[in-house]
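Report on the structure
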Amino acid sequence: MDPATQDLIWRNLWPMLQATLTKTLPLTALSFALGLVIALFVALARLSRFTALSWLARAYVSVIRGTPLLVQLFIVFYALPQFDIVIDPFPAAVIAFSLNVGGYAAEVIRAAILSIPKGQWEAAQTIGMHYPTTLRRIILPQAARTAVPPLSNTLISLVKDTSLASTILVTELLRVAQLAAAPTFDFFALYGVAAIYYWVICVGLSFVQARLETRLERYVAR
Amino acid sequence: MTELLTVRNVRKSFGDNLVLRDISFDVAAGTVTTVIGPSGSGKTTVLRALNALDQADAGVITIGDVSVDFAASPDRPTLARFRAQSGMVFQSHNLFPHKTVIDNVLEGPVVVQRRPRAEARADAERLLAQVGLAEKAEQYPYQLSGGQQQRVGIARALALRPKLMLFDEPTSALDPELVGDVLKVIKDLAAEGWTMVVVTHEIRFAQQVSDQVLFIEGGLVVESGPPAQVLVAPQQARTRSFLQRILDPI
């Protein structure tokens, strides 16, 4: 590797880490958290006995899964201003990503809730529990066991998908790499560093996933 | 004797399937009623109607001072008050697998009834001791045998201090050698004066423990009375043939 490239990498390690810590990770965490909340409500709506609500949830999931994430981002950031709704890049990205996660995770949560035997709902009912309490104390803790592996997939995809935010002016990790490489066209070096950063985050998350799974398995016969 | 439970003209169908045609009976306070009948007769649905797990389409059920007319589509608070009158023990125990034995028992008193945790815990420990599981308090349900799980289910229902205990075939899912322990717990409760309705296939148990036996078939109470009558000298031909099949299956 020639010294100029080495120097370029060296000079950009910290700015890229900074972009990761101040943009990529917060963007991921916020979008995932909001996305899960959306997903829970969409899943419950989908399972509701009110047909209109159920169909609304279906439609939402269909639209989110049936359109590219990049298009969703562009709609929030570039198209909404046409209707005088102007949103800054970072919040625009959070909105688009949470809505996206909401659609995918809703199906995961719905399936996980359905995997819990009906007897659990009935047992909760006979001890006088209402729907929200049953959900919170009995159903969701058990459904978590089923949902953690697929939700981890969603999270790990999201980490990498945040790079799409570079297209709507969020100076996240990939955008910083792009800007740093542009003057000398030394893309290989800096995109390589960016790739390693993403990979390290994902390895860390996989580790957390494994720990969480072990924890959630503690009450299951082996 | 004062009636704790009265059931009047209860009807229930699932879709086109009329499961309970017209069910009426009384249960006196401090007595045990066993419900027998062929599979598909509606006996489990009767029990589930008593807890509104399956809401009757019509009929009036009164437990203690709570009376519900199911034809008048009762509101949620009424149903909640009605359900709180009885404790249910399921055929397949339905314990909460992610909670320890003691937490299974505590869930109702602490979360639903909002009793102080320390007091509820003392109560729960006493109940677990009563069903012979004091030393299993901190284990998870999967670590217990089927019979032990069922006894935790009984303790969980008792912890809410219901007026009436309901058992839905409590021993049907158990290995034969585990049945005795569960039946013994139920007998002990009977001796303590609990009012209970038990759906069962254990005719010998029914004979020993019941004050009243109901034979249900086709969604109707075909015959009812003391065990010495219904189980030993049944008046109805259908009761006789059912007992013959169950007591002498080969």
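Residues numbered from 1 in each chain as written. Chains lettered and ligands numbered in written order. Predicted model: local features only at pLDDT ≥ 70, side-chain atom pairs only at ≥ 80, totals over all residues.

**Some details on the overall build of chain B**
Helix and strand counts for chain B come out as 9 helices and 10 strands. Scaling as 2.2 N^0.38, a compact globule of 250 residues should have a C-alpha radius of gyration of about 18 Å, and chain B matches this with 18 Å. Considering only C-alpha atoms, chain B reaches an extent of 55 × 45 × 35 Å along its principal axes. In chain B, buried positions account for 48% of the 250 residues. Of the contacts made within chain B by residues no fewer than 6 positions apart, 63% connect residues no fewer than 24 positions apart. (Helix = DSSP H or I, 4+ residues; strand = E, 2+ residues; numbered from the N terminus. Rg over C-alpha atoms; globule rule 2.2 N^0.38 Å. Buried ≥ 20, exposed ≤ 12 C-beta atoms within 10 Å, placed from the backbone. Contact = placed C-beta atoms within 7 Å.)

**Concerning the overall build of chain A**
Of regular secondary structure, chain A possesses 8 helices and 0 strands. The order of helices and strands in chain A, counted from the N terminus, is α-α-α-α-α-α-α-α. Here the C-alpha coordinates of chain A stretch approximately 70 × 50 × 25 Å along the principal axes. Counting over 222 residues, chain A shows a buried share of 35%. Partitioning the intrachain contacts of chain A with sequence separation of at least 6 by distance along the chain shows that 76% fall at a separation of at least 24.

**Description of the pairing of strand β4 (residues 58-63) of chain B**
All names here are of chain B. With burial as the criterion, only one face of β4 is covered, namely that bearing G59, I61 and I63; the residues A58, V60 and T62 on the opposite face remain uncovered. In this sheet, β4 lies alongside strand β1 (residues 3-14) in antiparallel orientation, the contact comprising 5 bridges. Counterpart to V7 in the pairing with β4 is I61. Here β4 pairs with strand β5 (residues 66-69) via 4 bridges, running antiparallel. What sits directly across from V60, in β5, is D69. Between β4 and β5, which follow one another and run antiparallel, lie 2 residues, and G64 among them has a positive phi close to 60 degrees. (Pairing = 2+ DSSP bridges.)

**Remarks on the domain arrangement of chain B**
Residue and element names in this part refer to chain B. Segmentation of chain B into domains returns domain 1 (1-85 + 165-250) and domain 2 (94-161). Between the C-alpha centres of domain 1 and domain 2 the distance comes to 25 Å. A per-element tally of the side of domain 1 that touches domain 2 places helix α6 (residues 176-192) first, with 4 residues. Here the residues of the side of domain 1 that touches domain 2 are counted per class, giving 7 nonpolar, no polar and 2 charged. (Domains from an automatic or database assignment. Nonpolar A, V, L, I, M, F, W, Y, C, P; charged D, E, K, R; others polar.)

**Some thoughts on the nonpolar core**
Ranked by internal contacts, the top residues of the largest apolar core, which has 114 residues, are A93 of chain A together with V105 of chain B. It is helix α4 (residues 89-114) of chain A that contributes the most residues to this core, 14 residues altogether. Domain assignment of the residues forming this core places at least three in each of domain 1 (1-85 + 165-250) and domain 2 (94-161) of chain B. Beyond its immediate stretch of four places on either side in the chain, A93 of chain A contacts L27, L73, A165, I168 and V170 of chain A. (Core = buried A, V, L, I, M, F, W, Y, C linked by C-beta atoms within 7 Å.)

**With respect to the environment of G37 of chain B**
All names here are of chain B. Summarising the element assignment, G37 is placed in the loop between β3 (32-36) and α1 (43-50). Overall, the presence of 25 C-beta atoms within 10 Å leaves G37 in the buried class. Residues G37 and L247, 210 residues apart in the sequence, show an inter-C-alpha distance of 13 Å. Beyond its immediate sequence surroundings of up to four residues, G37 is in contact with K43, F215, I216 and E217.

**Here we look at the interface of chain B and chain A**
How large an interface is tends to be reported as the accessible area lost when its parts come together. Opposite the 20 residues of chain B that make contact, chain A presents 17 residues. The element that contributes the greatest number of residues to the side of chain B that touches chain A is helix α3 (residues 101-112) of chain B, accounting for 4 residues. In terms of residue class, the side of chain B that touches chain A is built from 12 nonpolar, 5 polar and 3 charged.

**Re the packing of α4 of chain A against helix α6 (residues 131-161) of chain A**
The relative placement of two packed helices comes down to the angle between their axes together with the axis-to-axis distance. Residues and elements named next belong to chain A. Here α4 crosses α6 at 150 degrees, and the two axes come no closer than 9 Å. On the basis of the axis angle, α4 is roughly antiparallel to α6. Handedness of the crossing formed by α4 with α6: right-handed. Of α6, the residues touching α4 (which contributes F97, V101, Y104, A105, V108, I109, A112 and I113) are I139, A143, T146, A147, P150, L151, T154, L158 and D161. Its residues assigned to classes, the contact of α4 with α6 shows 14 nonpolar, 2 polar and 1 charged. (Axes fitted to C-alpha atoms, helices over the stretch in contact; angles between N-to-C directions. Parallel < 35°, antiparallel > 145°, perpendicular 65-115°, else oblique. Left-handed = near helix turned anticlockwise from the far one by under 90°.)

**Structural notes on the confidence of the model for chain B**
Counting all residues, the mean pLDDT for chain B is 93, and 100% of those residues have values of 70 or more. Interface confidence for the predicted complex, expressed as ipTM, amounts to 0.92; the pTM equals 0.89. (pLDDT = per-residue confidence, 0-100.)

**Focus on helix α5 (residues 118-126) of chain A**
Every buried residue of α5 of chain A is accounted for by A123, A124 and T126 of chain A. Seen end-on, α5 of chain A carries its buried residues on one side only, within an arc spanning 165 degrees. Contact partners of the buried residues in α5 of chain A: α6 of chain A together with α2 (76-83) and β6 (86-89) of chain B. The first or second residue beyond α5 of chain A is G128 of chain A, which carries a positive phi of 90 degrees. (Arc of directions from axis to C-beta.)

**Some details on unusual backbone geometry**
Within the chain, F185 of chain A stands out as a residue other than glycine whose phi angle is a positive 55 degrees. Notably, N94 of chain B is not glycine yet its phi reads approximately 50 degrees, a positive angle.

**Describing the pairing of strand β7 (residues 164-168) of chain B**
Side chains on a regular strand alternate between the two faces of the sheet. Residues and elements named next belong to chain B. Most of β7 is tucked away: 5 of the 5 residues are buried. Side chains L164, L166 and D168 project from β7 onto one buried face, and the interleaved M165 and F167 project onto a second face that is buried too. Pairing between β6 and β7: 4 bridges, direction parallel. Within the sheet, the bridge partner assigned to V89 lies in β7 and is F167. Summarising the sheet, β7 and strand β8 (residues 195-199) pair through 5 bridges and their orientation is parallel. Residue L164 lies in a different strand from β8, and its bridge partner there is T195. Chirality of the crossover, the property in question, places the unit of β7, α6 and β8 among those that are right-handed. (Right-handed = clockwise from strand over helix to strand, strands pointing away.)

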